[in-house]
Amino acid sequence: MVDLLSVEEALARVLAHFTSLPSEEIALSSALGRVLARFITAPADIPPFDNSAVDGFAVSAADTATSSDSAPTRLPVVMDIPAGATPSRPLRPGEAARIMTGAPMPEGANAAVMVEHTLTAWQPTDNALDSVLIVRPVKAGDNVRQRGEDVRAGQTVLEAGTRLRAAEIGLLASVGCARPAVVRQPRVAILSTGDELVEVGDPLAPGKIHDSNRYALAALVATYGGIPLLIPTARDTLDDVRMRFRQALEQQPDLILSSAGVSVGAYDVVRTVIEEMGAVDFWRINMRPGKPLAFGQIGGVPFFGLPGNPVSAMVTFEVFVRPALLRLAHLPDPNRTVQAELADDLTSDGRRSYLRVRLTRQENRWRAHLTGNQSSGVLTSMVKADGLLIVPENITQVQAGTILPVRLLKDLPE
Ligand code: AMP
Ligand code: MG
């Protein structure tokens, strides 16, 4: 009898084969969710020039010192500075320039008075404005955005390994980075095997079921930053399985996932083919669900042979494939768990078990409720699950009220 591998031992063996993929340059417009491969510095100050934070009048602050509603200061308006323009000349003391938000401050001005603090009404179509009445004083620097106040030239604005969300993408655009270098996304070939499998959308003949694993696995791959490559389902014959694995290799994947056909059934031919085409270990892992998991390489590409049962395939993906995929993609593995109080008594078989649970909030504690039939083929209880309750090894009875970890599959309910 082969020794059972613990989940941790198996995961450590898996992860030893993965490092992050090389980088590629991509258009900023398609960079959402990607991971920066190199740090980014700003080539110039942001903002690149002192500019007005308001629509109003650029002035020398000293000229407004006594301005009030009862004693407004009248200043001649000597030029107009719309956004995108440059001032036609420096401002002298005792003068004002009409200025719009974002327009460069003229030399000689050190503050802007917002239009709401003047008695001048203008229409956007007005050209010349003779003078302005200012009713509030401003201090030097008021309503001016200083050159470089956001970012200094040469400053590192984003570190390598940063995941690009909306704010990071906006910042990249503002420093002029049109094609950031990001970590290449893992290409993952997905192959189902089994004579009973029928493509979704095709009618079911007697004895057949729809191939759900390829879709669930493709969705998991995409969820964790990979590009799923769907290979047509293989029949349970040596020739067909060989052909489909060759097809998978032609896609130049970074990882190959197959499901089913690796147990000890009479038609489990996947095993024979992967031993021909690569080097694969069959691990008996001390966990449930998750029958033998195959891991190794095929044609030099890392390979996982996942169990056929839909829930087993998803759970082994969560536990073993997800960390590998995240490492390829250079994404952190949040591995989010919460401690939850068990709502029901349960029995376990002494292997580490991952049970589908729904979480509810009671006072400030989480309670975990089994989502129903825990058979490894039952996807509806996976759909209802907020997470996987982890029952440790060597435990066969767990009483309601026991606190156990739950690995989250979703964002937590409120
Ligand atoms: P196997 O590992 O081939 O013995 O398959 C175990 C169980 O998983 C069987 O009930 C299969 O019908 C089922 N199964 C295998 N592959 C898939 C798949 N791609 N989609 C849904 N069920 C599957
Ligand atoms: Mg089969």
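Residues numbered from 1 in each chain as written. Chains lettered and ligands numbered in written order. Predicted model: local features only at pLDDT ≥ 70, side-chain atom pairs only at ≥ 80, totals over all residues. Heavy atoms only, no water.

S.K.: Which residues make up the side chain of Ser258, and what are the values?
M.R.: Relative to the helices and strands, Ser258 is located in strand β16 (residues 255-259). Not counting residues up to four positions away in its chain, the partners in contact with Ser258 are Leu191, Phe245, Val270, Phe303, Phe304, Gly305 and Leu306. (Helix = DSSP H or I, 4+ residues; strand = E, 2+ residues; numbered from the N terminus. Contact = heavy atoms within 4.5 Å.)

S.K.: Talk me through the packing of helix α3 (residues 213-223) against helix α6 (residues 310-328); I want residue IDs and the actual numbers.
M.R.: Interaxial distance between α3 and α6 falls to 10 Å at its minimum, and their mutual angle equals 25°. Looking at the two axes, α3 sits roughly parallel to α6. As α3 packs across α6, the resulting crossing turns out to be right-handed. On the side of α3, the interface is formed by Asn213, Ala216, Leu217, Leu220 and Val221, while α6 contributes Pro310, Ala313, Met314, Phe317, Glu318 and Leu325. Broken down by class, the residue content of the contact of α3 with α6 amounts to nine nonpolar, one polar and one charged. (Axes fitted to C-alpha atoms, helices over the stretch in contact; angles between N-to-C directions. Parallel < 35°, antiparallel > 145°, perpendicular 65-115°, else oblique. Left-handed = near helix turned anticlockwise from the far one by under 90°. Nonpolar A, V, L, I, M, F, W, Y, C, P; charged D, E, K, R; others polar.)

S.K.: Any chance you could break down the packing of helix α4 (residues 238-250) against helix α5 (residues 270-277) for me, citing the residues and the numbers?
M.R.: The contact between α4 and α5 brings their axes to 9 Å, and the two run at 50°. In terms of their interaxial angle, α4 and α5 are classed as oblique. By crossing handedness, the relation of α4 to α5 is classed as right-handed. Contact residues: α4 offers Leu238, Val241, Arg242, Phe245, Arg246 and Leu249, while α5 offers Val270, Thr272, Val273, Ile274, Glu276 and Met277. Its residues assigned to classes, the contact of α4 with α5 shows eight nonpolar, one polar and three charged.

S.K.: Describe the environment of Asn394, with residues and values.
M.R.: By secondary structure assignment, the location of Asn394 is in the loop between β25 (387-391) and β26 (397-398). Using a relative accessible area of 70% as the deciding quantity, one classes Asn394 as exposed. The sequence separation of Asn394 and Ser348 amounts to 46 residues, and the corresponding C-alpha distance is 8.7 Å. (Buried < 20%, exposed > 50% of the residue type's maximum accessible area, 1.4 Å probe, protein only.)

S.K.: Explain the nonpolar core to me, and be specific about the residues and the numbers.
M.R.: Leu257, Ile285, Phe304, Phe317 and Phe320 are the most contacted members of the largest nonpolar core, which has 42 residues in total. Broken down by secondary-structure element, the contributors of at least two residues to this core are α1 (7-15), β12 (187-192), α3, β16, β19 (293-298), β20 (301-306), α6 and β25. A total of eleven residues in this core trace back to one element, the largest contributor, which is α6. Both of domain 1 (7-21 + 185-328) and domain 4 (337-408) provide at least three residues apiece to this core. Residues contacting Leu257, with those up to four places away along its chain left out, are Val188, Ala189, Ile190, Leu191, Val221, Phe304, Phe317 and Val321. With 18 residues, the next largest nonpolar core counts Leu191, Val241, Val269 and Ile274 among its residues. (Core = buried A, V, L, I, M, F, W, Y, C linked by side-chain atoms within 4.5 Å. Domains from an automatic or database assignment.)

S.K.: Help me get a handle on the layout of surface pockets, residues and values and all.
M.R.: Here the largest pocket defines a volume of roughly 370 Å³. Contributing to the lining of the largest pocket are 24 residues, with Pro289, Gly290, Lys291, Ser312 and Ser376 lying nearest its centre. Elements supplying a minimum of two residues to the lining of the largest pocket: β18 (287-288), β22 (346-347) and β23 (352-362). Here the element with the most residues in the lining of the largest pocket is β23; it accounts for three residues. In the lining of the largest pocket, the residues fall into ten nonpolar, ten polar and four charged. No fewer than three residues from each of domain 1 (7-21 + 185-328) and domain 4 (337-408) sit in the lining of the largest pocket. There is about 320 Å³ of room inside the second largest pocket. For the second largest pocket, the lining is made up of 15 residues, of which Tyr224, Arg322, Pro332, Pro334 and Arg336 are closest to its centre. When the residues that make up the lining of the second largest pocket are grouped by side-chain class, the tally is seven nonpolar, two polar and six charged. (1 Å grid on protein atoms, 1.4 Å probe; cavity = no way out; pocket = protein on both sides within 12 Å on 5 of 7 lines; lining within 4 Å. Points joined across faces, edges and corners; volume = space filled by probe spheres on them.)

S.K.: Report on the packing of aromatic side chains, specifying residues and quantitative values.
M.R.: Applying the stated criterion to the full structure yields six aromatic pairs. Ring geometry for Trp283 versus Phe295: centroids 5.6 Å apart, planes at 45°, classification tilted. With Trp283 in strand β17 (residues 278-283) and Phe295 in strand β19, this residue pair connects regions lying twelve residues apart in the sequence. Comparing Trp283 with Phe295 shows no difference in burial state: the two are buried. Feature note: the residues Phe18, Trp283, Phe295 and Phe304 constitute an aromatic cluster, connected by ring pairs. For the cation-ring pair, Arg361 lies above Trp366, with the distance from its terminal atom to the ring centre recorded as 4.4 Å. (Phe/Tyr/Trp six-rings, centres within 6.5 Å; stacked < 30°, edge-to-face > 60°. Lys NZ or Arg CZ within 6 Å of the ring centre and 35° of its normal.)

S.K.: So what's going on with the domain arrangement of the chain? Which residues, and what values?
M.R.: Segmentation of the chain into domains returns domain 1 (7-21 + 185-328), domain 2 (23-46 + 151-183), domain 3 (51-145) and domain 4 (337-408). Taking only C-alpha atoms, the centre of domain 2 and the centre of domain 4 are 41 Å apart.

S.K.: Account for helix α2 (residues 166-174), naming residues and giving values.
M.R.: Buried within α2 are the following residues: Ile169, Leu171 and Leu172. Down the axis of α2, the smallest arc covering the buried residues is 160°, so these residues share one side. Along α2, exposed side chains directed more than 90 degrees from the buried face belong to Ala166 and Ala167. Taken together, the buried residues of α2 touch β2 (40-41) and β10 (156-158). (Arc of directions from axis to C-beta.)

S.K.: Describe in detail the site of ligand 1, supporting the description with residues and values.
M.R.: Around ligand 1, a shell composed of 16 residues is seen, among which Glu196, Asp211, Ser212, Gly308 and Asn309 lie nearest. Within the contact set of ligand 1, a nitrogen atom lies 3.3 Å away from a backbone nitrogen or oxygen of Asn213. Within the contact set of ligand 1, an oxygen atom lies 3.1 Å away from a backbone nitrogen or oxygen of Asn309. When ligand 1 sits alone it has 490 Å² of accessible area, and the protein chains cover 76% of it. (Near = heavy atom within 4 Å. Polar contact = N/O pair within 3.5 Å; in protein donor to acceptor, adjacent residues only side chain to side chain. Areas by Shrake-Rupley, 256 points an atom, 1.4 Å probe, with all protein chains shown as cover.)

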